[in-house]
Amino acid sequence: MSRFQSVDRQTGYLLPPSLDEWLPQDHLARFIVEVVDRLDVSALEKAYAGRGSAAYHPCMLLSLLVYGYATGVFSSRKIERATYDSVAFRFIAAGAHPDHDTLANFRRRFLGELAGLFVQVLELAQEMKLLNLGTISLDGTKIKANASRHSALSLGHIEQLEIQLRAEVDSLLQMAEQADQSALPDGMGLPEEIARRQDRREAMEAAKAKIQERAKKRLDKEQTEYQAKLAQREQKAKETGKKPRGKLPKAPRAEPQAQDQINLTDEQSRIMPVAGGGFEQAYNAQAGVDAASMLIVAPSVTQACNDKEQVQPMLERIAALAPVLGQAKQLLADTGYYSAKNVQACQAKNIDPFIAVKRDEHHPTPLARFTEPAALPEDATPAQVMAHKLKTKAGRALYALRKQTVEPVFGIIKSVLGFRQFSLRGLEQVAGEWTLVCLAWNLKRLAVLRLA
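Residues numbered from 1 in each chain as written. Predicted model: local features only at pLDDT ≥ 70, side-chain atom pairs only at ≥ 80, totals over all residues. Heavy atoms only, no water.

1. Re the overall build of the chain
Line of reasoning, step 1. In terms of regular secondary structure, the chain is built from 16 helices and eight strands.
Line of reasoning, step 2. Scaling as 2.2 N^0.38, a compact globule of 452 residues should have a C-alpha radius of gyration of about 22 Å, whereas the chain reaches 29 Å, well beyond that.
Line of reasoning, step 3. For the chain, the spread of C-alpha atoms along the principal axes amounts to about 100 × 90 × 50 Å.
Line of reasoning, step 4. Looking at the chain as a whole, 39% of its 452 residues are labelled buried.
Line of reasoning, step 5. For the chain, long-range pairs separated by at least 24 residues make up 72% of all intrachain contacts whose partners lie at least 6 apart in sequence. (Helix = DSSP H or I, 4+ residues; strand = E, 2+ residues; numbered from the N terminus. Rg over C-alpha atoms; globule rule 2.2 N^0.38 Å. Buried < 20%, exposed > 50% of the residue type's maximum accessible area, 1.4 Å probe, protein only. Contact = heavy atoms within 4.5 Å.)

2. Side note on the pairing of strand E7 (residues 330-333)
Line of reasoning, step 1. Sheet topology note: the strand E1 (residues 135-144)/E7 ladder contains three bridges and is parallel. Counterpart to Ile136 in the pairing with E7 is Leu331.
Line of reasoning, step 2. Inspection of the sheet shows E7 paired to strand E8 (residues 352-355) by four bridges, in the parallel sense. Following the sheet pairing, Leu331 is matched in E8 by Pro353. (Pairing = 2+ DSSP bridges.)

3. Quick word on the environment of Glu123
Line of reasoning, step 1. Looking at the element boundaries, Glu123 is found in helix H7 (residues 114-127).
Line of reasoning, step 2. Counting along the chain gives 198 residues from Glu123 to Leu321, while the straight-line C-alpha distance between them is 9.8 Å.
Line of reasoning, step 3. If we skip the residues at most four places from it in the chain, Glu123 touches Val324 and Leu325.

4. Concerning the environment of Cys59
Line of reasoning, step 1. The residue Cys59 is located in helix H3 (residues 58-70) in this model.
Line of reasoning, step 2. In this structure, the C-alpha to C-alpha distance between Cys59 and Arg38, residues 21 residues apart in sequence, is 9.4 Å.

5. Quick look at the confidence of the model for the chain
Line of reasoning, step 1. Counting all residues, the mean pLDDT for the chain is 85, and 92% of those residues have values of 70 or more.
Line of reasoning, step 2. In the model of the chain, helix H12 (residues 366-370) stands out as the element of lowest mean pLDDT, 64, in contrast to H3, which has the highest, 96. (pLDDT = per-residue confidence, 0-100.)

6. Notes on the pattern of salt bridges
Line of reasoning, step 1. Applying the stated rule across the entire model yields eight salt bridges.
Line of reasoning, step 2. Two residues, Asp20 and Arg30, come together in a salt bridge whose shortest N-O distance is 2.9 Å. Of the two residues, Asp20 is situated in the segment before helix H1 (28-38) and Arg30 in helix H1; the sequence distance between them amounts to 10 residues.
Line of reasoning, step 3. Here Glu407 makes a salt bridge to Arg402, at a shortest N to O gap of 3.0 Å. (Salt bridge = Lys/Arg side-chain N within 4 Å of Asp/Glu carboxyl O.)

7. What about the packing of H7 against helix H10 (residues 311-325)?
Line of reasoning, step 1. Closest axis-to-axis distance for the H7/H10 pair is 11 Å, and the angle between their directions is 45 degrees. Here H10 runs oblique to H7, going by the angle between their axes. Where H7 crosses over H10, the two elements pack in a sense that is right-handed. Each of Val119, Leu122, Glu123 and Gln126 in H7 lies in contact with H10, whose residues at this interface are Leu321, Val324 and Leu325. (Axes fitted to C-alpha atoms, helices over the stretch in contact; angles between N-to-C directions. Parallel < 35°, antiparallel > 145°, perpendicular 65-115°, else oblique. Left-handed = near helix turned anticlockwise from the far one by under 90°.)

Here you go:
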């Protein structure tokens, strides 16, 4: 008698196998299918013309993408392969095998509709008593664009390349005019070489035009800020009767700078500093995370490296959720988001801000940890009032939630799921893909919370 169980791969099933028996009842794939089937996808269904052969249902394709992003499978080719190799993907696809073109086209086509589905998932979380909007932690992270930083050209470098290409074209034209071209290397065709350099010159001209267009837009913004600073100095001089101290603000320059860059692969991405040093061609992905549930309630993507200008757009997104999810009460953010204007913007939306004014010491003294700050004067500004609250025991405890919520979310998305680079290009497409990532995170998080 054998000590081992028999391994039989030849005997057929007496009855057809059931897909429902392939996965445990609490598997993430089951939960994603259940949630997506409950969503209102009528906008997606109406987009199909109804001609030709029957299409795959949007719920099935969306479930495949969401489960893929929730488990670190972002490539449409890998998802297609997983419908053969993975029991979970085969369960979601119900034995079908959508090809990678179908998956990629579906993702690209319906990225705009994901924002509505994202809110529906948040409503479902509230129905499950797993989300009660209160304290929001805000942070951002740099995610690589689908473009190399070596494809970026600065205005100064473009001008140097144009001089080089012009000289090369002139040299090639002189060689073409010579009667004897026997000295040319084998395989070298002068018309092709000239045409290639002419194409590069045209690409350089187009890149220069785009850099100049960006400079005009930047000038409009900087001119507004410059006039506001001058008006503020004049107002301060009238109030005090003295000339304001400090240097006069510099007037913005109209012409583009030599260091202004554009990427030839994804022109809407930007060179950004990244954690640990260095620079990457990237986008700045933002997320507002509910502190109690660690669910992302407001995702966005920006081209700006600095986070300071992202508070007001995030407040608008949170305010849009108020009729559905209720009013947020506090906003937590690090020192990169601090400005007096942002503090006032939070108060205008009836949200209590807890935005770090400066970096805290890593090892404060015992007295600093257990003592309360002195009382504020009656004429304290809103920014001073907020800074005072951050020094209190209650304020420090509330602000400490930021590191326990939004930072772990980014850490899991980037290090555990492995989402470190966008697959799509262009700000609009990238923003839609980030919404898909956050939707996948929320469903993965809800699957954990419902079992807790």
